[in-house]
Amino acid sequence: MISQNTIDRIFDAAQIVDVVSDYVDLKRRGGNYVGRCPFHEEKTPSFMVSPTKNIYKCFGCGKGGNAVNFVMEYEHLSYVEALRHLARKFHIEIEETGRETPQQQEQRSNRESMLVLMAHAQKLFASLLMEHQDGRAIGLAYFKERGLREDTIRKFGLGYCLPRRDAFTRQMLQDGFKQEMLVATGMTIEGEHGPYDRFWGRVMFPVYDTRGQVVAFGGRVLTTDKTKKVAKYVNSPESEIYHKSDHLYGIYQARQAIGKEDKCYLVEGYLDVLSMAQSGIENVVASSGTSLTTEQIKLISRFTSNVTVLYDGDAAGIKASLRGIDMILEAGLHVRIVLLPDGEDPDSYAQSHSTAELKAFLAAEEVDFITFKTRLLLSEAQDDPIQRGKLISDIIRSISVIPDAVMRSVYIQECCRTLQVEERMMVAEVDKRRVQAAEQQFQQQRRRVELGREHGVPSSEGEGTPERESMETAVRIQHAPDELDIAEREIIRLMMMYGSRQIKPEPDGPDCTVAEYILGEMEADDLYFERPLYRRIAEEIGERNGRGETTGEQFFVRHREPEVVELAASFFAGKYTLSKIFDTHANSGSTKVSVRKEENHLNEVVPMQLMAYKATKVSELLRQEMEKIREAQSAIPVDENQLAALLSRYDALSALKKQLAETLGERVFR
Ligand code: ZN
């Protein structure tokens, strides 16, 4: 919805060095800057920023991209959020395109009004807590009694709602907010005797989203009047800006620390978060009473893949929540458990121990989830064989949802030792469960596709959707980079780096651009890239070429798809740019020579690379043909015609491979 014009202006203004140096201490080195990578732990800097190309690239962990990608990665924002963030930083007014429907526009302005209202409410509650007589005497006194310091109270934006039925609503109306918005956010309830405050007489805990916007409140009652039945905690209802299952209490304050420590502590209540954060364990969030949802797990996984759940020592409660943890395992996260001593919760433990004691305790008591569960259930089952059987199948279920094969086998070994079960049997059972689950998933998927067809949704509908993306990722993980992938990557590299450069591939032939040549050759031989990302890039280059437009470095550096930008960064900042660093350090490394060579010899380099790619492709085709031939040979009865056709195709491909190899050899030794 942000106009292309605005996006261009943001990219023009957001100089990569300015953006990165807000977060990373950069030192000049030659034409570039280097620093310690903010995305992985390192002692010697391998994080490079190129002001001329406007990209960053880490040679340690491989992350790379443009200014928008950097902000997305560091602040954990979406593409549009990152653009807005940079627009704010560089004072660029955002021009929206008129592609929103009136309904969408209304929804957006509704959401925005609600967020403004919530931000105002938070400030009001906070000032009442700190400045109003009742706020100080009742609210602040309560927080102090719970051991919270003022800096913690301010950091988490805590507040107080006066104990008068409609004081808040009246104040907000006076400040210019509409009653319908107060009701829409759930701050005000329309009662028989007029509107009244949902949270009157409560201390207030604002719930922030990852961007620091208040989306909801939790309020705790302080009156001890037992004759009235009043809920201890009241929370904002679901609204257009608040879906309970999407949020975690404390995520905004914890997000930086979670990334840095590469771990997230999960507790239950607001006060657990506040006390632990105050003790210096800042990477802590709460699911606030609800059982953990998949959305919340996804939210955590944006920051880290390590979750440590803190439990109070109540066996029944622990057993009830074990199921939820299988969900975390399923998301591919590593789960550890810390069991607190009897009668303690994270809040009380953090309050009664020093920071050093708390840290030491957490480090010493942490056990991985599967081991924890095994021990817990084992202590209950004792020697009862039926209970033991149940326990084993329970553990097998937990292990079978873990996506990573290495982790699964580690857990299997560990459990077999604890439970004294034969490893072979456990492996077989886990595999069986996984096959069952995959089968089930497949059936569900097929059902969805069929449903889609029934409703006239064409099968290409899924293109570019997150679901499709994740399928691409899954496929990619299964096939580790092989020769063909490497060959494809080289071709796409040439197209991205030199696509618009003129070459003369045949000594007596006409001039054409690198992209035209490669695309033309591939089309003639009916070749296409296996990897969807490369295919998309090639198509885009082809389209632009067809319109007579060029695709320079900045076209890819500013590309909408982070995957494209990351690839561009690795090409443009790879050894090719590093060689410039060597340049200034009077190093006559061979890299420098080879870069110059490639650039100046595109007439030879491009056709040769293309031939090498074709040769690899033919090898792959030969492998596939061989499989088909084996299959055809073992069929009963053998289809002689089909077999003959396959064999002749195989021979043709073999001849082609030989020819390519010979030409390639001639080229190399020419
Ligand atoms: Zn790195």
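The following refers to the structure shown. (Residues numbered from 1 in each chain as written. Predicted model: local features only at pLDDT ≥ 70, side-chain atom pairs only at ≥ 80, totals over all residues. Heavy atoms only, no water.)

**Topic: the sheet that holds strand β2 (residues 32–35)**
Argument step 1. The strand order across the open sheet formed by 5 strands is β1-β2-β3-β4-β5, and the pairing between neighbours is antiparallel. Every interior strand has two partners, whereas the edge strands, β1 (27–29) and β5 (64–65), have only one.
Argument step 2. Judged from the 3 bridges that link them, β2 and strand β3 (residues 47–50) form a sheet pairing that is antiparallel. Paired with V34 across the strands is M48, a residue of β3.
Argument step 3. Lying on the sheet, helix α25 (residues 562–572) is in contact with β4 (55–58) and β5; it crosses β4 at an angle near 80 degrees. (Pairing = 2+ DSSP bridges. Helix = DSSP H or I, 4+ residues; strand = E, 2+ residues; numbered from the N terminus. Contact = heavy atoms within 4.5 Å. Axes fitted to C-alpha atoms, helices over the stretch in contact; angles between N-to-C directions.)

**Concerning helix α15 (residues 355–365)**
Argument step 1. Listed in full, the buried residues belonging to α15 are L358, F361 and L362. Down the axis, α15 shows its buried residues gathered within 95 degrees of arc, on one side only. In this structure, α15 carries A356, A363 and A364 as exposed residues pointing more than 90 degrees from its buried face.
Argument step 2. Looking at the buried positions of α15, the neighbouring elements they touch are β12 (264–267), α11 (270–278), β14 (306–311), β15 (334–339) and α14 (346–352). (Buried < 20%, exposed > 50% of the residue type's maximum accessible area, 1.4 Å probe, protein only. Arc of directions from axis to C-beta.)

**Points about empty space enclosed by the protein**
Unoccupied space between atoms shows up once a probe the size of one water molecule is rolled over them.
Argument step 1. Within this structure, the stated rule accounts for 1 cavity of 30 Å³ or more.
Argument step 2. Empty space within the largest cavity amounts to approximately 30 Å³.
Argument step 3. Forming the walls of the largest cavity are F11, A14, N54, N66, A67, Q554 and V557.
Argument step 4. Of the residues that constitute the lining of the largest cavity, the class distribution is 4 nonpolar, 3 polar and no charged. (1 Å grid on protein atoms, 1.4 Å probe; cavity = no way out; pocket = protein on both sides within 12 Å on 5 of 7 lines; lining within 4 Å. Points joined across faces, edges and corners; volume = space filled by probe spheres on them. Nonpolar A, V, L, I, M, F, W, Y, C, P; charged D, E, K, R; others polar.)

**A word on the sheet that holds strand β6 (residues 159–160)**
Argument step 1. Judged by pairing direction, the sheet is antiparallel, and its 4 strands sit side by side in the order β6-β9-β10-β11 without closing on themselves. Each of the sheet's edge strands pairs with one partner strand only, and the pair in question is β6 and β11 (233–235).

**Focus: the nonpolar core**
Argument step 1. Residues M187 and Y249 are the most contacted members of the largest nonpolar core, which totals 60 residues.
Argument step 2. Contacts of Y249, omitting those with residues within four sequence positions, involve F156, L158, F205, P206, V207, Y270, V273, L274, V284, V285, A286 and S288.
Argument step 3. Formed by 44 residues, the second largest nonpolar core is a distinct cluster that contains I337, I370, C416 and M426. (Core = buried A, V, L, I, M, F, W, Y, C linked by side-chain atoms within 4.5 Å.)

**Considerations on the coordination of the zinc ion**
Argument step 1. Protein coordination of the zinc ion is provided by C37 (SG), H40 (ND1), C58 (SG) and C61 (SG), with donor distances spanning 2.1 to 2.3 Å.
Argument step 2. One can describe the donor arrangement at the zinc ion as tetrahedral, given that its 4 donor atoms subtend angles of 101 to 120 degrees at the metal.
Argument step 3. We classify H40 as partly exposed; its relative accessible area is 24%. (Donors = N, O, S within 2.8 Å, 3.2 Å for Na, K, Ca; no water. Tetrahedral: all angles 85-135°; square planar, octahedral: opposite > 155°, others 65-115°.)

**With respect to the packing of helix α21 (residues 483–498) against helix α22 (residues 514–524)**
Argument step 1. Between α21 and α22, the shortest axis-to-axis distance is 8 Å and the interhelical angle comes to 150 degrees. One finds that α21 runs roughly antiparallel with respect to α22. Along the contact surface, α21 presents I491, L494, M495 and Y498, while α22 presents V514, A515, I518 and L519.
Argument step 2. Grouping the amino acids of the contact of α21 with α22 by side-chain chemistry returns 8 nonpolar, no polar and no charged. (Parallel < 35°, antiparallel > 145°, perpendicular 65-115°, else oblique.)

**Here's the deal with the pattern of salt bridges**
Argument step 1. Summed over the entire model, instances satisfying the criterion amount to 35 salt bridges.
Argument step 2. Of the charged contacts, one joins R146 and D347 as a salt bridge, the two residues approaching to 2.8 Å between their closest N and O atoms. Of this pair, R146 sits in the loop between α6 (133–145) and α7 (150–155) while D347 sits in helix α14; the two residues are 201 residues apart in sequence, bridging distant segments of the chain.
Argument step 3. Among the charged side chains, a network of salt bridges with common partners joins D326, K373, D394 and R397. (Salt bridge = Lys/Arg side-chain N within 4 Å of Asp/Glu carboxyl O.)

**Considering α25**
Argument step 1. Counting buried positions along α25 yields 8 of 11 residues, so the element is predominantly enclosed.
Argument step 2. Along α25, the positions that sit buried rather than exposed are V564, V565, L567, A568, A569, S570, F571 and F572.

**Quick look at the pairing of β12**
Argument step 1. What you see with β12 is no split at all: C264 and L266 on one side and Y265 and V267 on the other are buried throughout.
Argument step 2. Pairing geometry for β12 and β14, over 3 bridges, is parallel. Residue pairing for β14: Y265 is matched across the bridge by T308.
Argument step 3. Alignment of β12 against strand β13 (residues 284–286), held across 3 bridges, turns out to be parallel.

**Overview of the side chain of T374**
Argument step 1. Residue position: T374 is located in helix α16 (residues 369–381).
Argument step 2. On the basis of relative accessibility, which here comes to 1%, the residue T374 falls in the buried class.
Argument step 3. At 2.6 Å, the side chain of T374 forms a polar contact with the backbone oxygen of I370.
Argument step 4. Setting aside residues no more than four positions away along its own chain, T374 makes contact with L391, I395, C415, T418 and L419. (Polar contact = N/O pair within 3.5 Å; in protein donor to acceptor, adjacent residues only side chain to side chain.)

**With respect to the pairing of strand β8 (residues 194–197)**
Argument step 1. Two elements, strand β7 (residues 188–191) and β8, share 4 bridges in a ladder whose sense is antiparallel. Paired with E190 across the two strands is P195, which belongs to β8.
Argument step 2. Linking β7 to β8, which pair antiparallel, is a turn of 2 residues.

**Focus: the environment of G552**
Argument step 1. Along the chain, G552 falls in the loop between α23 (532–546) and α24 (553–557).
Argument step 2. Along the chain, G552 and M495 lie 57 residues apart, while their C-alpha atoms are 9.9 Å from each other.

**So, unusual backbone geometry**
Argument step 1. The residue Q420 is not glycine, and still its phi comes out positive at about 55 degrees.
Argument step 2. Secondary-structure assignment places Q420 in the loop between α18 (405–419) and α19 (423–454).
Argument step 3. Here D526, not a glycine, exhibits a phi torsion of approximately 55 degrees, which is positive.
Argument step 4. Of note, D526 is situated in the loop between α22 and α23.

**Some details on the packing of aromatic side chains**
Argument step 1. The full count for this structure, using the stated rule, is 26 aromatic pairs.
Argument step 2. Residues F47 and F70 carry aromatic rings whose centres are separated by 6.2 Å and whose planes lie at 55 degrees to one another, so their mutual orientation is tilted. Of this pair, F47 sits in strand β3 while F70 is found in helix α3 (residues 67–75), placing the two residues 23 residues apart along the sequence.
Argument step 3. These aromatic residues form a ring-pair network of at least three members: Y142, F143, F156, F205, Y233, Y249 and Y270.
Argument step 4. Cation over ring: K89 sits above F90, and NZ or CZ is 5.3 Å from the ring centre. (Phe/Tyr/Trp six-rings, centres within 6.5 Å; stacked < 30°, edge-to-face > 60°. Lys NZ or Arg CZ within 6 Å of the ring centre and 35° of its normal.)

**Some remarks on the packing of helix α5 (residues 102–131) against helix α8 (residues 167–174)**
Argument step 1. Orientation of α5 relative to α8, taken along the N-to-C sense of each, is 120 degrees, at an axis distance of 11 Å. Taken as axis vectors, α5 and α8 run oblique relative to one another. Viewed along their axes, α5 and α8 form a crossing whose handedness is right-handed. Contacts between α5 and α8 involve L117, H120, A121, L124 and F125 on the former and, on the latter, F168, Q171 and M172.
Argument step 2. The residue inventory of the contact of α5 with α8, partitioned by class, reads 6 nonpolar, 2 polar and no charged. (Left-handed = near helix turned anticlockwise from the far one by under 90°.)

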